[in-house]
Amino acid sequence: MKILITGGTGYIGSHAAVELITAGHEVEILDNLCNSKRDVLGKIEEITGVEPKFYDVDLRDAEALERVFEESDFEAVMHFAGLKAVGESVEKPLEYYENNVGGTINLLECMEAYAVKKLVFSSSATVYGVQESPEYTEEMVTGLKISSPYGRTKAMIEEIIQDVAQSDPEFEATILRYFNPIGNHSSGLIGEDPNGTPNNLMPFITKVATGEIPVLAVFGNDFATSDGTCIRDYIHVVDLAKGHVIAMEQSTPGVKIYNLGSGKGTSVMEMVKLFSRVSGKNLPYKVVERRAGDLAEFYANPSKAERELGWKVELTVEDAMRDTLKYLQENEQ
Ligand code: NAD
Ligand code: UFG
């Protein structure tokens, strides 16, 4: 299949590109490089032997986007491009709505105009908002009590995709709700390399490990969990990327929604201890105030993806940490 990957030089998109090429698909990448670097393309080639064609295009630029669709005959689109910093979205909500929702509307318009009818979309567990149970299933009501404008862009885009599918019985969409992606390709060649300050736990742990940050700030240890720190479902990004390939290959008309997570929760303190064990070095940390909006605990019920797609995680949090260390080594040279 010939597939356009939006956001394909980014963290998850680049791993999806590798898995798609490895599975025999033809991949082209579109990205405006606002949070990734062009040299990722060469790294994808080093891993797979193929350098994907690249379009330096912003999804908000409708004319440039149309030229991409004119130039190529895609069968499918994997849509990763978007802004993802929760805190920043609170400060700049309009930027997030314009980029994520506006960009997606332009993309869906081009797909309609050029009769590209297969889509896989990067959604997030954040669309579940606050629920009574920490174990999230796809049947739960979404869109309520979402903690940030970023999260609301994901919920809105899910609704837009549902409406588009409703209007065209041939349209095929798979919405994948990710839990907490960590790790990188085992070669250490591609990984999470955000421009500017990171937002998530693993990149912060990485910065402490390299000495860029002296100590990890643990945001609160008075939550209602076994050790008082927040519990999340960390999923190796390669497992996540493989889930995309399977979802795309098994896509049928209509909208399907799947949680992609491991089903297992790990606390922040457990993450600190695991990283220290895997790296053989103590990771300095300090407990500080809670971060606004953090939920004590949530994790995926991933049984629908296993039942319907035959997908489940194969790698562990320790594997992800080992691969992160390899990525650090590769990037030191
Ligand atoms: P990332 O920032 O590494 O990748 C996103 C890419 O999109 C970047 O390369 C960026 O340059 C590009 N981009 C942003 N706006 C664009 C635009 N208007 N036009 C063209 N390119 C644009 O992030 P990621 O972690 O790889 O996330 C990929 C997707 O998965 C995002 O939609 C994100 O919201 C979603 N997601 C990520 C996580 C996570 O924890 N990483 C969790 C749930 C969902
Ligand atoms: N944490 C720390 N110190 C840090 C960074 C994070 O203690 O320096 C803690 C957080 O408080 C949280 C846990 O580590 O308890 C995980 O935090 P992340 O920021 O890595 O992940 P979140 O679960 O908070 O964020 C995820 C996704 C977002 C999504 C959000 C909302 O990354 O895309 O869930 O549910 F919007």
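Computed from a predicted model, the values in this text were never measured in an experiment. Per chain, the residues get numbers from 1 upward, laid out in the order the sequence is written. Written order determines the labels here, with chains lettered from A and ligands numbered from 1. Given that the model is predicted, a residue must reach a pLDDT of at least 70 before its local features are reported, and side-chain atom pairs must reach 80 or more before they are shown or counted; all residues, however, enter totals for whole chains, interfaces and linings. By convention in this description, side-chain values take in all heavy atoms of the structure and omit both hydrogens and water.

*Asks:* Even after reading the chapter, I still don't get the site of ligand 1, so can you show me in this structure?
*Replies:* Taken together, 27 residues are adjacent to ligand 1, and I12, D31, N35, S36 and Y150 come closest. Between ligand 1 and I12, the relevant distance is 2.8 Å, taken from an oxygen atom to a main-chain nitrogen or oxygen of the residue. Considered on its own, ligand 1 offers 820 Å² of accessible surface; in the complex 96% of this is hidden by protein. Strands are runs of DSSP state E lasting at least 2 residues, helices are runs of H or I lasting at least 4, and numbering of each runs from the N terminus. The greatest single-element share of the shell around ligand 1, amounting to three residues, is contributed by strand β5 (residues 118–124). Three classes are used: nonpolar for Ala, Val, Leu, Ile, Met, Phe, Trp, Tyr, Cys and Pro, charged for Asp, Glu, Lys and Arg, and polar for all others, with Gly counted as polar. Here the shell around ligand 1 is composed, by residue class, of twelve nonpolar, ten polar and five charged. For this description, a residue counts as near a given molecule or strand if any of its non-hydrogen atoms is within 4 Å of it. Polar contact is defined as a pair of N or O atoms within 3.5 Å, subject to the rule that within protein one atom must be able to donate a hydrogen and the other to accept it, and that residues adjacent in sequence are counted only when both atoms are side-chain atoms. Accessible areas in this description were obtained via Shrake-Rupley with a 1.4 Å probe; residue shielding takes into account the shown protein chains only.

*Asks:* Can you help me understand a nonpolar patch on the surface in this one?
*Replies:* On the surface, a nonpolar cluster with roughly 220 Å² of combined accessible area is contributed by V215, Y285 and V287. By secondary structure assignment, the location of Y285 is in strand β14 (residues 285–288). Grouping into patches uses exposed residues only, defined as over 30% relative accessible area, and leaves out salt-bridged ones; the cut-off is 9 Å for like charges and 5 Å for nonpolar side chains (Val, Leu, Ile, Met, Phe, Trp, Tyr). Salt bridges are identified by distance alone: a Lys or Arg side-chain nitrogen within 4 Å of an Asp or Glu carboxyl oxygen.

*Asks:* Just checking my understanding: could you explain the site of ligand 2 for this structure?
*Replies:* Looking at ligand 2, there are 19 residues lining it, with L201, A217, R232, R291 and D294 nearest. Here N180 contributes a side-chain N or O atom positioned 3.0 Å from an oxygen atom of ligand 2. Measuring from an oxygen atom of ligand 2, one finds a side-chain N or O atom of D294 at 2.5 Å. In isolation ligand 2 offers 690 Å² of accessible surface; the protein chains occlude 90% of this area. Secondary-structure elements contributing two or more residues to the shell around ligand 2 are α7 (201–209) and β9 (216–219). With three residues, β9 is the largest single contributor of residues to the shell around ligand 2.

*Asks:* So what exactly am I meant to see when it comes to the sheet that holds strand β12 (residues 254–260) here?
*Replies:* To summarise the sheet geometry, strands pair through backbone hydrogen bonds and adopt either a parallel or an antiparallel arrangement. Spatial strand order, β3-β2-β1-β4-β5-β7-β12: seven strands in an open sheet with parallel pairing. Since the sheet does not close on itself, it has two edges, and those belong to β3 (53–56) and β12, each with one partner. Across the sheet, the axes of successive neighbouring strands diverge by a mean angle of 20°, strand direction being ignored. At least two bridges found by DSSP between two strands is the condition for calling them paired. Note: strand β1 (residues 2–6) against strand β4 (residues 76–79), four bridges, orientation parallel. Within β4, the residue paired with I3 across the bridge is A76. Note on definitions: a residue-residue contact is assigned when non-hydrogen atoms from the two residues lie within 4.5 Å. An axis is simply a line fitted to the C-alpha atoms; with a helix, the fit covers only the stretch in contact. Between two such axes, the angle follows the N-to-C directions and lies from 0 to 180 degrees. With respect to the sheet, helix α6 (residues 149–167) is in contact with β5, β7 (172–178) and β12, its orientation differing from that of β5 by roughly 155°.

*Asks:* Explanation requested: the pairing of strand β2 (residues 26–31) in the structure shown.
*Replies:* Side-chain positions along a regular strand alternate between the two faces of the sheet. A 1.4 Å probe rolled over the protein chains alone gives each residue an accessible area, and that area as a share of the maximum for its type sets the label: buried under 20%, exposed over 50%, partly exposed in between. In terms of residue burial, β2 counts as a mostly covered element, since five of its six residues are buried. Both β1 and β2 contribute to a ladder of five bridges, which runs parallel. The residue bridging I3 from the neighbouring strand is V27, located in β2. For crossovers, right-handed means that the path from the first strand over the helix to the second runs clockwise, given strands pointing away from the viewer. Since β1 and β2 lie parallel, the crossover through helix α1 (residues 11–22) that links them has a hand, and here it is right-handed. As judged from the four bridges shared by β2 and β3, these two strands associate in the parallel manner. Within β3, the position partnered with I29 by the bridge is F54. Since β2 and β3 lie parallel, the crossover through helix α2 (residues 40–48) that links them has a hand, and here it is right-handed.

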